[in-house]
Amino acid sequence: MASPSTPAPSRPQRSPDEVEDIILRKILLVSLTPPSSPNPAVAYLELTAAELLSESRPLLALRDNAERILIDRLSLPDPPANSSPPFAFLAAAFRRAADEARKISTIRDSGLQARLKVSIAHIRGLILSYARIVAGNPDTFPSPPNAPHPAAELLIFLLAEAADSLDPTPAPGAPPPPGFLDELLGNVDYEAIEPVMGELYERLRQRVDKVSALGDFQRPLRVLRRLVGIPNCAKALVEHPKWIPKNQIMLIGEGRVMELSSLLGAFFHVSAIPDREFASQPDVGQQCFSEASSRRPADLMSSFATIKSVMNSLQDGLRDILLVLLKNLDTRDKVLEYLAEVINKNVGRSRMQVDPLKCASSGMFVNLSAVMLRLCEPFLDQMESKKDKIDVKYLFCNDRINFKDLTAINASSEEVSSWIESWSHAHAQDDSSGVARFVESQEATSSGKSSSVSLPSKGGPLARGSKKENFSFICECFFMTARVLNMGLMKAVADFKHLSQDLARYEDDLESNNVLREQSESSPQLEQDIKRLEKIVAVLSQEKYCYEAQIIRDDAFLQRALSFYRLMILWSVDLVGGFKMPLPSQCPKEFSCIPEHFLDDAMDLLALTSRVPKALEGFPLDDFLNFNIMFMASSSYIKNPYLKAKMVEVLNCWMPQRSGLKSTASLFEGHQLCLDYLVKNLLKLYVDIEFTGSHTQFFDKFNIRHNIAELLEYLWDVPSHRNAWRQIAKEEEKGVYLNFLNFLINDSIYLLDESLNKILELKEIEAEMANTVAWNSRPAQEREERLRVFHQSENIVRFDMKLANEDVGMLAFTSEQIPAPLLLPEMVERVASMLNYFLLQLAGPQRKSLTVKDPEKYEFKPKQLLKQIVTIYVHIARGDKEAIFPAAISKDGRSYNEQLFASAGNILWKIGVDPQIIQEFTQLAGKAKAAASEAMDAEAILGDIPDEFLDPIQYTLMEDPVILPSSRVTIDRPVIVRHLLSDSTDPFNRSHLTQEMLLPDTDLKLRIQEFVRSQQSRKRPAADSEMGAPDSAADMVE
């Protein structure tokens, strides 16, 4: 041990070159001299050392030879044992360089510290440069056998860096050195990173390929979000061959290829909605909704919440990615091009039947819908000020998306083309040669980019023009979103509806089979059918819950869509001059040529959200209400009757008793447009919907009128609307109101008749099943078929009786205050015949045959129906100032007889009807009896009536004969007017006919009147003489 006074030996001081050498060798793990103690991690560069000696240079790793040393280290044919592949080695070297950079901060010699900083920065730059080379060209340097691709190593770094504690699986590896990825991919020429990014993006796509909503997609999504934030990486993404893939896959259509092969397609495919052709894992239906019927509601709600959360995370991430790319001028146009290609290649999703091998999945398009709505949010929040940026010309003058082949709101394809041509001629600017060109291949880009618009040539040939059209991003985003929603959200909503209907049908079949098994001995075939149906029900139930989780349960999603369609409504109304009535007599071409699905989708979404609890809470509905009122009865603006019917369906859902929202009451009672036009337009639509043009129009009209009837019944109880109704009945007594009453009576007769016939069928099958011995002896297949018929008849009776009750109820409450139209010559006999027919069914001899086990189940309420029928009789009689109603009742040869009224009176007393009503009904019956007697006397007086005086349809004496202009047939005016209420054709040759076209036959009318007077005068003396004869005889006897 040295004494304290002995000084310690001083460490030999190293030169700056030696210090630099030590640091660079540590970073690169190399040695230029034979190591005294072998270190397996350090490579001895013997050849490099020899070259330096041959050049008379010291064996030191210095900045000026650092690149040579790095290359030689990477080029070793036999690298040290367990050494990393080149890319991993460079990443580790970068980390060691960072460590050394921190250490030199303690060096006191500022000059040396500065030199070392420069050297370390230089070697870091070399490391990054060669890392890019290796990543893009893996074969540049030798690699160990089975070494991973550098892009795979880079992806592991990115995934590890993006790891989150909530991720379903752990990170795949260690995170990269701090700053490595930013410097590797950041401020560098695009060409330097383009090769590695191509492979990296493909591997990233594969990471989420066929991954479901419950899979590990979030880490790759965060990686993609990070990469697009780096300009060169963003550019590499949109320049990638698979940004818009051109490859073809056998038997797979272009739309599906966009989903399967494009870099973003895999991310958009992540969904809870099942894809039967290209299933994703884990199976969301199996994991979340298996045996859902037996699970606790809380468990289902938890599954709904989980799916909603992960899907919103995906959609937010995709929105962020697209937004970054759209804000980048170098990538914006490529994004819009991608969106347009996805739309154009999936036009098949707009059709009723979608080919799943040709088109992308519903999951992809629902996600795309959600993302597009998020991109629209900034201008949806300011729609009043931003809607002017939506240019209708985009529909016809853009080069991205073809709207011209879509069904227009009120124009044929020829009319659309004609209008585009005339519009383009009006707005064309001649080019240098002065030749106007035809609008055919218009080009438009968004946000400041110009596009070439082709203008029509007068001679007709197509040629490229020089005129430019600029469309804002708001405009492009709006119309693209409209198309995406049509093919995405709204198509999925339609699928969900059909899926629910299929599920209900299979559940009914399963229930019928189970009933059949309980009622009789089972058979192998029956058991097989039950197992098959149980399996189908389980699968469909899971799929239904998956749709519900991703769409129906996502209130924010639905509210964004509602906001978008509110903007659509506001923009559409601006095309016709705003919210004001009446509408212009001529529909503006800009409005008539817009795609019909823009408005149809809006109505479908409103109908859906109106049935989803709380989906409309707090959402402003005023604009939708006004729009529906304006257009529901205007055939010159809205051609499709089913679209107008949807408008009524939406309003029907908003009735306070149905919506559950107090705010909807103020909708109907606080808007002037509503008070002035709602009842009028509903009555008009009730008439117009008779002829929809569809092969199913006869049955469709009942569904539509059911919604109208419910809405009218509600409005009748609102005093302001009732007053409007009375005014309309007065003003339109011979017009739309008369047509409305005619169809109301037609429907009532048909529905009650159909219902009563079906009730007899039900009773027959009930009797068959009651005889258990005979029933069980039948073959199982026969019993199953009879049960199916029974359930179908039940459904028909339930629906028809409900509608019949509504129609009769409407006649009951309107006839009290508006009886006059029912007493018109063309209506009174029709009304009387209907009431007599109903009375015969409900109070006649056959009424007992209509008893069923559970009449309420079928909406069959005979007592209530009889009360309403009798009430209508009484209301009309009260308004009958000219006493024509009793005669009309007695004229009905099919159903009228005086005993029927007496029988009905007895029933009314038994069921407790208001005595005043019974008394007035009995009085009316007496008047009808008297009228019948008078009619018989009158008929006797007239005797044989010449055929020319008889109506050719009713064979009754004409009172107001008219000539039909086309067939030249003479007919009684009330008879032909009654016919024209239902059919605007000549009944003898089917040519068009209206009341205004009828020609009074004045000469024949005078001859008929003369005939009547003649017969009366001839019969009267004879009657008088017959009365006087006994007196004379008596006188003679006396």
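Residues numbered from 1 in each chain as written. Predicted model: local features only at pLDDT ≥ 70, side-chain atom pairs only at ≥ 80, totals over all residues. Heavy atoms only, no water.

### Looking at the confidence of the model for the protein chain
Phase 1: Overall, the predicted model of the protein chain reaches an average pLDDT of 86, with 92% of residues at or above 70.
Phase 2: Contacts of residues 429–466 to residues separated by more than four positions or lying in other chains number 107 contacts, the stretch itself having pLDDT below 50.
Phase 3: Segment residues 1027–1038 is flagged for pLDDT under 50; beyond a separation of four residues in sequence, or across chains, it makes 0 contacts in the model. (pLDDT = per-residue confidence, 0-100. Contact = heavy atoms within 4.5 Å.)

### Observations regarding helix H40 (residues 973–980)
Phase 1: The set of residues buried in H40 consists of Val975, Ile976, Val977, Arg978 and Leu980.
Phase 2: The secondary structure elements touched by the buried residues of H40 are helix H32 (736–770), helix H35 (825–843), strand S5 (961–963) and strand S6 (970–972). (Buried < 20%, exposed > 50% of the residue type's maximum accessible area, 1.4 Å probe, protein only. Helix = DSSP H or I, 4+ residues; strand = E, 2+ residues; numbered from the N terminus.)

### A few points about the nonpolar core
Phase 1: Membership of the largest hydrophobic core comes to 308 residues, with the highest contact counts inside it found for Trp571, Phe591, Phe631, Trp654, Phe668, Trp725 and Phe740.
Phase 2: Here this core gets 14 residues from one element, more than from any other, and that element is H32.
Phase 3: Once residues within four sequence positions are removed from consideration, Phe631 is found in contact with Val573, Val576, Leu583, Phe591, Tyr637, Ile638, Lys644 and Met647.
Phase 4: Membership of the second largest hydrophobic core comes to 9 residues, among which are Leu964, Ile971, Val975 and Ile976. (Core = buried A, V, L, I, M, F, W, Y, C linked by side-chain atoms within 4.5 Å.)

### Brief notes about the sheet that holds strand S7 (residues 999–1000)
Phase 1: Overall, antiparallel pairing links the 3 strands, which are arranged S6-S5-S7 in an open sheet. The open sheet terminates on both sides in strands that have one partner only, identified here as S6 and S7.
Phase 2: Bridging between S5 and S7 involves 2 bridges; their strand directions are antiparallel. By the bridge assignment for S7, Val962 is matched with Pro1000.
Phase 3: Contacts between H40 and the sheet are confined to S5, S6 and S7, with S6 contributing the most and set at about 85° to the helix. (Pairing = 2+ DSSP bridges. Axes fitted to C-alpha atoms, helices over the stretch in contact; angles between N-to-C directions.)

### A look at the packing of helix H15 (residues 332–344) against helix H19 (residues 473–487)
Phase 1: Running from N to C, H15 and H19 point in directions that differ by 30°, and their axes come no closer than 10 Å. When the axes of H15 and H19 are compared, the pair comes out roughly parallel. Taken as a pair, H15 and H19 cross one another with a handedness that is left-handed. Packed against H15, whose contacting residues are Leu336, Leu339, Ala340 and Ile343, the element H19 presents Phe473, Glu476, Met480, Arg483, Val484 and Met487 at the interface.
Phase 2: Of the residues that constitute the contact of H15 with H19, the class distribution is 8 nonpolar, no polar and 2 charged. (Parallel < 35°, antiparallel > 145°, perpendicular 65-115°, else oblique. Left-handed = near helix turned anticlockwise from the far one by under 90°. Nonpolar A, V, L, I, M, F, W, Y, C, P; charged D, E, K, R; others polar.)

### Focus on the packing of aromatic side chains
Phase 1: Within the structure shown, the criterion is met by 41 aromatic pairs.
Phase 2: Here the aromatic rings of Phe87 and Phe180 are separated by 6.0 Å at their centres, their planes lie at 65°, and the arrangement is edge-to-face. Note that Phe87 is positioned in helix H4 (residues 86–103) and Phe180 in helix H7 (residues 180–185), a separation of 93 residues in sequence. Considered together, Phe87 and Phe180 belong to a single accessibility category, that of buried residues.
Phase 3: Between Phe702 and Tyr750, the aromatic rings sit 5.3 Å apart at their centres with planes inclined by 10°, giving stacked as the arrangement. One end of the pair, Phe702, is in helix H30 (residues 697–716); the other, Tyr750, is in helix H32, with 48 residues separating them in the sequence.
Phase 4: Judged by relative accessible area, which is 4%, Phe702 ranks as buried.
Phase 5: An aromatic cluster of at least three residues, connected via ring pairs, comprises Tyr394, Phe403, Phe471, Phe478, Phe479, Phe564, Tyr565, Trp571 and Phe598. (Phe/Tyr/Trp six-rings, centres within 6.5 Å; stacked < 30°, edge-to-face > 60°.)

### Quick word on unusual backbone geometry
Residues apart from glycine generally show negative phi values, whereas peptide bonds are mostly found in trans.
Phase 1: In this model, Gln281 is joined to Pro282 through a cis peptide bond whose omega is -5°.
Phase 2: With respect to the helices, strands and loops of the structure, Pro282 is situated in the loop between helix H12 (265–269) and helix H13 (284–289).
Phase 3: A cis amide bond links Met581 to the next residue, Pro582, at an omega of 0°.
Phase 4: Within the element layout of this structure, Pro582 appears in the loop between helix H22 (555–574) and helix H23 (589–592).
Phase 5: A positive phi angle, close to 60°, is found at Glu859, a residue other than glycine.

### Considering the environment of Asp944
Phase 1: Looking at the element boundaries, Asp944 is found in the loop between helix H39 (915–942) and S5.
Phase 2: Residue class for Asp944 comes out exposed when judged on its relative accessible area of 75%.
Phase 3: It is 26 Å that separates the C-alpha atoms of Asp944 and Ser833, two residues lying 111 residues apart in sequence.

### Topic: the pattern of salt bridges
Any two side chains of opposite charge can pair, given that their charged atoms come close.
Phase 1: Under the defined criterion, the tally for this structure stands at 56 salt bridges.
Phase 2: Between Arg256 and Glu259 there is a salt bridge, with the nearest N and O atoms lying 2.9 Å from each other. Within this pair, Arg256 and its partner Glu259 are both found in helix H11 (residues 254–261), separated by 3 residues, close to a single helical turn.
Phase 3: What makes Arg256 buried here is its relative accessible area of 1%.
Phase 4: Arg878 is the salt-bridge partner of Glu920, the closest N and O atoms lying 2.8 Å from each other. Here Arg878 lies in helix H36 (residues 862–878) and Glu920 lies in helix H39, a separation of 42 residues in the sequence.
Phase 5: The exposure class of Glu920 is buried, given its relative accessible area of 18%.
Phase 6: You can call Arg878 partly exposed: its relative accessible area is 39%.
Phase 7: When salt bridges that share partners are traced, they join Glu51, Glu55, Arg57, Asp64 and Arg68 into one network. (Salt bridge = Lys/Arg side-chain N within 4 Å of Asp/Glu carboxyl O.)

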